[in-house]
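Below are the chains, spelled out letter by letter.
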Protein chains: 2
Amino acid sequence: MRSPQSLRNGETPPRIPPHHFHSTVSIQKLRRFNTLILIFRFVSFCFCLAATIFMATNSNSSRGGGGGGGAASNSPNWFDFPTFRVVLAANAIVAVYSFAEMGASVWEILKGTTLLPETVQVWFDFSHDQVFAYLLLSADAAGTTLVRTLREGDTCKASNAFCVQSAISIGLGYAGFMFLGFSSLLSGFRVVCFIINGSRFHL
Amino acid sequence: MRSPQSLRNGETPPRIPPHHFHSTVSIQKLRRFNTLILIFRFVSFCFCLAATIFMATNSNSSRGGGGGGGAASNSPNWFDFPTFRVVLAANAIVAVYSFAEMGASVWEILKGTTLLPETVQVWFDFSHDQVFAYLLLSADAAGTTLVRTLREGDTCKASNAFCVQSAISIGLGYAGFMFLGFSSLLSGFRVVCFIINGSRFHL
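Remember, it's a predicted structure, so these values are computed and weren't measured experimentally.

What counts and how
- Residues numbered from 1 in each chain as written.
- Chains lettered and ligands numbered in written order.
- Predicted model: local features only at pLDDT ≥ 70, side-chain atom pairs only at ≥ 80, totals over all residues.
- Heavy atoms only, no water.
- Helix = DSSP H or I, 4+ residues; strand = E, 2+ residues; numbered from the N terminus.
- Contact = heavy atoms within 4.5 Å.
- UniProt positions renumbered as here; feature names shortened; annotations may be inferred.
- Expected span 1.5 Å × (residues − 1).
- Axes fitted to C-alpha atoms, helices over the stretch in contact; angles between N-to-C directions.
- Left-handed = near helix turned anticlockwise from the far one by under 90°.
- Nonpolar A, V, L, I, M, F, W, Y, C, P; charged D, E, K, R; others polar.
- Phe/Tyr/Trp six-rings, centres within 6.5 Å; stacked < 30°, edge-to-face > 60°.
- Buried < 20%, exposed > 50% of the residue type's maximum accessible area, 1.4 Å probe, protein only.
- Patch = residues over 30% accessible without salt bridge, like charges linked within 9 Å, V, L, I, M, F, W, Y side chains within 5 Å.
- Areas by Shrake-Rupley, 256 points an atom, 1.4 Å probe, with all protein chains shown as cover.
- Salt bridge = Lys/Arg side-chain N within 4 Å of Asp/Glu carboxyl O.
- Disulfide = S-S within 2.5 Å.

Engineer: How should the side chain of Gln130 of chain A be read in this particular structure?
Structural biologist: Within the element layout of this structure, Gln130 of chain A appears in helix α3 (residues 118-152). Not counting residues within four places of it along the chain, the set of residues in contact with Gln130 of chain A comprises Ser184 of chain A together with Gln130 and Tyr134 of chain B.

So this is what it looks like as structure tokens:
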């Protein structure tokens, strides 16, 4: 990382528009970087989608009107537990977001430009990665507690499959969070590169 | 934000050691910035300490041997709920961390240098802010779910004060998380400044 503190003495070399001087090496590096982000996003998407599906199919009965809020019904349904609804919503949101970001990454790899204007894109990616990582982690943590509590009560004795499937869904959510965190690291790095170089090309 | 892309053409102006050219304005700005961080850390410390105390004193009986793990004891004790133990631990960790960071901030404001070497300090601050923010948020989210669940069961009917005190403790934890998040934003900004300028002085 080149630290340009040497510019501090009042020297102002002529401004050059940043978009025309990228070497082949730089473009190759950027492409490899984008491919890595794409992989992370794909893995995160897969885990979160799987978690969503596991949670959404997690009921023994046919899904009723959904009005009941008690945890004491005979055949448990994810819809009766607000926390599981939060888990499902968080996983679904992250899955949709990852899918959209995959599209943006593919676009960038193929076309060489970002989908949104560059400034917007790097900040959008980083901020949303951060917020959704917090969202997903807190939803999964809340879900973990609920599963633990259910296991101590009667619900899991009545239908063990429900608890196991919930636990699997939450575990998949944690895996999705991990890869979302990796993406967040990379997009944070991209923001720093953007601030330093005035373009997302890092070299 | 000065973007030094103009250096890209192979110009390498002579390197100047970064520590001797800070104007009075720059030093004043840094001091104001550090004071802001100090305030955030202090508020975060207060909230987390209060949350720790509220949780630790949250029992009606004298604290027994602690071997029991069931939620069904007659006089509930925070120690019987693993989730509340996590909440207490997370809040205590963040309180201790905030206190230590307050010390580092005061040192920096008074002495003008960082406690640790500058590179270590800025990265240490930022990474720990991030990790502890995730830790605290997930602990509080888990605690929220437990309180919700307890409210549906018999525990809260038996002793309502226990549930209210738990909820207060968790709410204080959320407030602590918020201010830790603000600190994290500022320390992230400091990392970027450090990468750009090669020193934590931002101008």
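The rest of the description comes next.
Engineer: I would appreciate a short explanation of the UniProt feature "transmembrane region" (unreviewed entry) in chain A in the present structure.
Structural biologist: Residues and elements named next belong to chain A. Annotation from UniProt places "transmembrane region" (unreviewed entry) at residues 36-56, 86-110 and 170-196. The straight-line gap between the two end C-alpha atoms of residues 36-56 is 30 Å; of that span, 100% is helix and 0% is strand. Secondary structure over residues 86-110 splits into 100% helix and 0% strand, and the C-alpha atoms at its two ends are 36 Å apart.

Engineer: I keep staring at helix α5 (residues 160-197) of chain A and nothing clicks. Help me out?
Structural biologist: Side chains of residues three or four places apart in an α-helix project in the same direction, reflecting 3.6 residues per turn. With 38 residues, α5 of chain A extends 55 Å from end C-alpha to end C-alpha; this agrees with the ideal 56 Å at 1.5 Å per step. Once α5 of chain A ends, the next one or two residues include Gly198 of chain A, with phi positive near 75 degrees.

Engineer: Help me understand the packing of helix α2 (residues 82-111) of chain B against helix α5 (residues 160-197) of chain B, please; the structure alone is not making it clear to me.
Structural biologist: When two helices pack together, their arrangement is given by the angle between the helix axes and by the axis-to-axis distance. Residues and elements named next belong to chain B. Two numbers describe how α2 lies on α5: the axes approach to 10 Å, and their chain directions differ by 40 degrees. α5 is crossed by α2, and the crossing has left-handed handedness. For the pair α2 and α5, the contacting residues are Phe84, Val87, Asn91, Val94, Tyr97 and Glu108 in the first and Phe162, Ser166, Ile170, Gly173, Leu180 and Arg190 in the second. Considering only residue class, the contact of α2 with α5 consists of seven nonpolar, three polar and two charged.

Engineer: Explain the packing of aromatic side chains here, please?
Structural biologist: To describe a pair of aromatic rings, one takes the distance between the centres and the angle between the planes. Residues and elements named next belong to chain A. Under the counting rule described, the total for this entry stands at 25 aromatic pairs over all chains. A centroid spacing of 5.9 Å and a plane angle of 20 degrees characterise the contact between Phe47 and Phe179, whose relative ring orientation is stacked. Of this pair, Phe47 sits in helix α1 (residues 24-56) while Phe179 is found in helix α5, placing the two residues 132 residues apart along the sequence. Judged by relative accessible area, which is 18%, Phe179 ranks as buried.

Engineer: I tried to follow the environment of Phe47 of chain A on my own but got confused; where do I start?
Structural biologist: All names here are of chain A. Exposure remark for Phe47: the relative accessible area of 26% places this residue in the partly exposed category. Taking the C-alpha atoms as reference points, Phe47 and Phe162, separated by 115 residues in sequence, lie 19 Å from one another. In this view, Phe47 contacts Leu172, Ala175, Gly176 and Phe179; residues no more than four positions away in its chain are not counted.

Engineer: How should I be thinking about a nonpolar patch on the surface in this particular structure?
Structural biologist: Among the surface-exposed residues, Trp107, Leu115, Leu116, Val120 and Phe124 of chain A lie close enough to one another that they form a single nonpolar patch of about 410 Å² accessible area. Looking at the element boundaries, Leu116 of chain A is found in the loop between α2 (82-111) and α3.

Engineer: For this particular structure, what's the right way to read the state of the cysteines?
Structural biologist: Disulfide: a covalent bond formed between the sulfur atoms of two cysteine residues. Residues and elements named next belong to chain A. A complete count under the given rule lists two disulfides over all chains for this structure. The partner cysteine of Cys156 in its disulfide is Cys163, sulfur to sulfur 1.7 Å. What sets the handedness of the Cys156 and Cys163 disulfide is the S-S torsion sign, and at about -90 degrees it is left-handed. Take Cys156: its relative accessible area is 7%, and that puts it in the buried class. Summary of cysteine pairing: Cys46 is not part of a disulfide, and the nearest cysteine sulfur, belonging to Cys48, is at 9.6 Å. Relative accessible area serves as the criterion here: at 33%, Cys46 is assigned to the partly exposed category.

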